[in-house]
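# Residue-level structural notes
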Amino acid sequence: MKRIRIGNDIKVIWKVTENGEPMAFTGRNIRVQLLGPRSQLCKSDYELGEGGEVTVKYSGENQCLVGSYKLLLVCTDKDGRMLTIDTDAFELVPKSSMAGGSCDCSCLSVE
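Let me begin by describing the structure that accompanies this report. (Residues numbered from 1 in each chain as written. Predicted model: local features only at pLDDT ≥ 70, side-chain atom pairs only at ≥ 80, totals over all residues. Heavy atoms only, no water.)

Moving on, we come to the side chain of threonine 55. The topology assignment puts threonine 55 in strand β8 (residues 53–58). Residues in contact with threonine 55, not counting those within four places in the same chain, are Lys11, Val12, Ile13, Asp45, Tyr46 and Glu47. (Helix = DSSP H or I, 4+ residues; strand = E, 2+ residues; numbered from the N terminus. Contact = heavy atoms within 4.5 Å.)

Pasting the structure below:
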């Protein structure tokens, strides 16, 4: 998992798939959340793109806890069918010397 020093702006690009194909967002109610180390909801912004791509931005000024963070996507179809997908995203660390590593998942890009 990518380790990032706390206090830095973070951008995560998540390529969400459904049954092995890029997820289609059209006609669905989509909610994306960033969850912190204690499973708390973190203030972040997200945009839905083409081909199942979600971009999440997490400002350094909103970060207060070190630890592992994950992304959660909740999708509801017109017929009310709910689908929930999550993935480990990154780890915030207290020192620059601890930062580094790479993403464990090919579906993520963390900047």
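Moving on: the pairing of strand β9 (residues 67–76). By the criterion of burial, β9 is predominantly enclosed, with seven of the 10 residues buried. Bridge analysis of strand β5 (residues 29–35) against β9 gives seven bridges, and the strand direction is antiparallel. Of the residues in β9, the one forming a bridge with isoleucine 30 is cysteine 75. Bridging between β9 and strand β10 (residues 82–93) involves 10 bridges; their strand directions are antiparallel. (Buried < 20%, exposed > 50% of the residue type's maximum accessible area, 1.4 Å probe, protein only. Pairing = 2+ DSSP bridges.)

Moving on: the packing of aromatic side chains. The full count for this structure, using the stated rule, is three aromatic pairs. Residues tyrosine 58 and tyrosine 69 carry aromatic rings whose centres are separated by 5.8 Å and whose planes lie at 50° to one another, so their mutual orientation is tilted. Taken together, the residues tyrosine 58 in strand β8 and tyrosine 69 in strand β9 connect sequence positions 11 residues apart. Comparing tyrosine 58 with tyrosine 69, the two get one shared label, buried. Measuring from centroid to centroid gives 5.2 Å for tyrosine 69 and phenylalanine 90, while their planes differ by 15°, and the two rings are stacked. Here the residue tyrosine 69 occupies a position in strand β9, and phenylalanine 90 occupies one in strand β10, the gap between them amounting to 21 residues. We note that tyrosine 69, like phenylalanine 90, is buried. Each residue in the set Tyr58, Tyr69 and Phe90 is aromatic and connected to the rest through ring pairs, giving one cluster. (Phe/Tyr/Trp six-rings, centres within 6.5 Å; stacked < 30°, edge-to-face > 60°.)

Taken together, the four strands give an open sheet; going across it, the order is β7-β8-β2-β11, and neighbouring strands pair in antiparallel fashion. Strand pairing shows two members of the sheet lacking a second neighbour, β7 (45–48) and β11 (108–110), which therefore form its edges. In this sheet, adjacent strand axes meet at a mean angle of 15° when their direction is disregarded. Two elements, β7 and β8, share four bridges in a ladder whose sense is antiparallel. From the neighbouring strand, leucine 48 faces β8, where its bridge partner is valine 54. (Axes fitted to C-alpha atoms, helices over the stretch in contact; angles between N-to-C directions.)

Phi is positive for asparagine 19, which is not a glycine, with a value near 55°. If you trace the backbone, asparagine 19 turns up in the loop between β3 (17–18) and β4 (21–22). In this structure, serine 39 takes a positive phi of about 60° despite not being glycine. Along the chain, serine 39 turns up in the loop between β5 and β6 (41–42).

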